[in-house]
Amino acid sequence: MRKYMSLVLFAHSVFALPFAFIGFFLAVSTTDVEFRWSLLVLMLVCMVTARNAAMAFNRYLDRDIDALNPRTAVRDIPAGRVTPQQALRFTIVNCLIFVVATYFINPLCMALSPVALFVVLFYSYMKRISPLCHLVLGLGLGLAPVGAYMVVTGQFHIVPILYGLAVLTWVSGFDIIYALQDEEFDRAHGLNSIPANFGGAKALRISEILHVLSFILIVLPIFYIEVGLLYYLGVLFYGGLLVYQHRIVSLKDLSRVDKTFMTTNGVAR
């Protein structure tokens with residue numbers, strides 16, 4: 001079990017859960033639907049298994065590439081701690097658990113479960129196809145508040161969609177920063193990323209634009225729901241973190257990328 005948890009960086013799931021909690025408790029607090037522990041547990045099962053499947057499949061598909069890159073050669077499959085077959089089986093099991101969990105939630109979640117799995121799994125192919133891979137990664141996480149809202153209500157709503165788009169632009173923006181570390185490797189091996197395709201300087205500008213959009217999208221819900229002072233303070237704090245992470249990263253010194261990716265974005269979550 002420990003090796004599988006290492007494979008998917010299970011501890012990082014904790015940082016992804018706030019996206020789902022936003023959608024879940026937004027639905028509970030703004031609709032007449034009552035809170036149910038069973039739905040919360042099923043939502044958590046879906047969140048964890050979808051992420052496990054996405055991470056394990058990404059490690060499985062990228063195993064040869066990871067082995068060539070000195071930064072990623074220490075990952076579980078290249079290092080021999082997990083076999084490719086084990087990673088693939090783990091992916092399939094988590095996908096099945098995800099679909100079964102949606103069956104017990106509501107018909108809409110069940111019907112859309114293949115779509116959700118397609119998005120989170122397809123990301124692994126995107127770097128071979130298009131530099132839009134960062135946006136697909138963001139979309140995968142951006143589904144969390146939308147899906148969690150649907151768990152409670154069985155329908156869509158504009159506010160969780162705005163939060164989903166905010167997550168999409170935020171995640172894709174910092175994933176571009178993270179990809180700066182592999183700019184030369186990606187270019188040499190024919191892999192698509194925004195830094196490899198457009199260069200580091202333009203990549204940072206694109207990341208900044210995405211984060212400006214993310215900040216705007218976080219503000220927009222105030223026109224649809226009632227919010228208090230804490231929400232406004234949270235928005236300002238979030239904006240400050242976005243500015244800070246762009247100030248501490250430069251093309252001349254990428255040593256702070258890990259700090260930006262983990263620490264700053266962990267606080268932002």
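Residues numbered from 1 in each chain as written. Predicted model: local features only at pLDDT ≥ 70, side-chain atom pairs only at ≥ 80, totals over all residues. Heavy atoms only, no water.

Trainee: Sorry if this is basic, but what is going on with the overall build of the protein chain here?
Mentor: Looking only at helices and strands, one finds 13 helices and zero strands in the protein chain. Walking the protein chain from its N terminus toward its C terminus, one meets helices and strands in the order α-α-α-α-α-α-α-α-α-α-α-α-α. Counting contacts in the protein chain only where the partners sit at least 6 residues apart, residues at least 24 apart contribute 70% of the total. For the protein chain, the accessible surface area stands at approximately 13400 Å², while carbon and sulfur atoms represent 69% of it. (Helix = DSSP H or I, 4+ residues; strand = E, 2+ residues; numbered from the N terminus. Contact = heavy atoms within 4.5 Å. Areas by Shrake-Rupley, 256 points an atom, 1.4 Å probe, with all protein chains shown as cover.)

Trainee: Explanation requested: the pattern of salt bridges in the structure shown.
Mentor: A side chain with one charge can pair with a side chain of the opposite charge if their charged atoms come near. Tallied over the full model, the rule gives eight salt bridges. Arg75 is paired through a salt bridge with Asp66; the nearest N and O atoms lie 3.2 Å apart. In this structure, a network of salt bridges that share partners links the residues Glu183, Glu184 and Arg187. (Salt bridge = Lys/Arg side-chain N within 4 Å of Asp/Glu carboxyl O.)

Trainee: I would appreciate a short explanation of the nonpolar core in the present structure.
Mentor: Where a protein is soluble and globular, its nonpolar side chains tend to be buried together. Phe24, Met43, Ile105, Val151, Tyr163, Trp170 and Ile218 are the most contacted members of the largest nonpolar core, which has 53 residues in total. Broken down by element, this core gets its largest block of residues, 12 residues, from helix H3 (residues 37–61). If near-sequence neighbours (up to four positions away) are discounted, Phe24 is found in contact with Phe35, Arg36, Leu39, Leu40, Met43, Ala148, Tyr149, Val151 and Val152. In this structure, Ile176, Ala203, Ile248 and Val249 belong to the second largest nonpolar core, which totals nine residues. (Core = buried A, V, L, I, M, F, W, Y, C linked by side-chain atoms within 4.5 Å. Buried < 20%, exposed > 50% of the residue type's maximum accessible area, 1.4 Å probe, protein only.)

Trainee: Whenever I open this one, the confidence of the model for the protein chain confuses me. Can you help?
Mentor: Caution is warranted with low-pLDDT regions, since their predicted coordinates should not be read in detail. With 88% of its residues at a pLDDT of 70 or more, the protein chain has an overall mean of 89. Here helix H13 (residues 257–268) is the element of the protein chain with the lowest mean pLDDT, 60, and helix H11 (residues 200–219) is the one with the highest, 96. (pLDDT = per-residue confidence, 0-100.)

Trainee: Help me understand the packing of H3 against helix H7 (residues 133–153) in this model?
Mentor: Between two packed helices, the angle of one axis relative to the other and the distance separating the axes together describe the packing. Where H3 contacts H7, the two axes come as close as 10 Å, and the packing angle between them is 150 degrees. Classified by the interaxial angle, the pair formed by H3 and H7 is roughly antiparallel. Judged by the sense of rotation from one axis to the other, the crossing of H3 with H7 is right-handed. Two secondary-structure elements touch here, H3 through Leu39, Met43 and Met47 and H7 through Ala144, Ala148, Val151 and Val152. Across the contact of H3 with H7, the residue classes break down as seven nonpolar, no polar and no charged. (Axes fitted to C-alpha atoms, helices over the stretch in contact; angles between N-to-C directions. Parallel < 35°, antiparallel > 145°, perpendicular 65-115°, else oblique. Left-handed = near helix turned anticlockwise from the far one by under 90°. Nonpolar A, V, L, I, M, F, W, Y, C, P; charged D, E, K, R; others polar.)

Trainee: Before we go on, may I ask you to explain the environment of Leu180 in this structure?
Mentor: Considering the arrangement of structural elements, one finds Leu180 in the loop between helix H8 (158–179) and helix H9 (183–188). Separated by 71 residues in the primary sequence, Leu180 and Leu251 place their C-alpha atoms 8.1 Å from one another.

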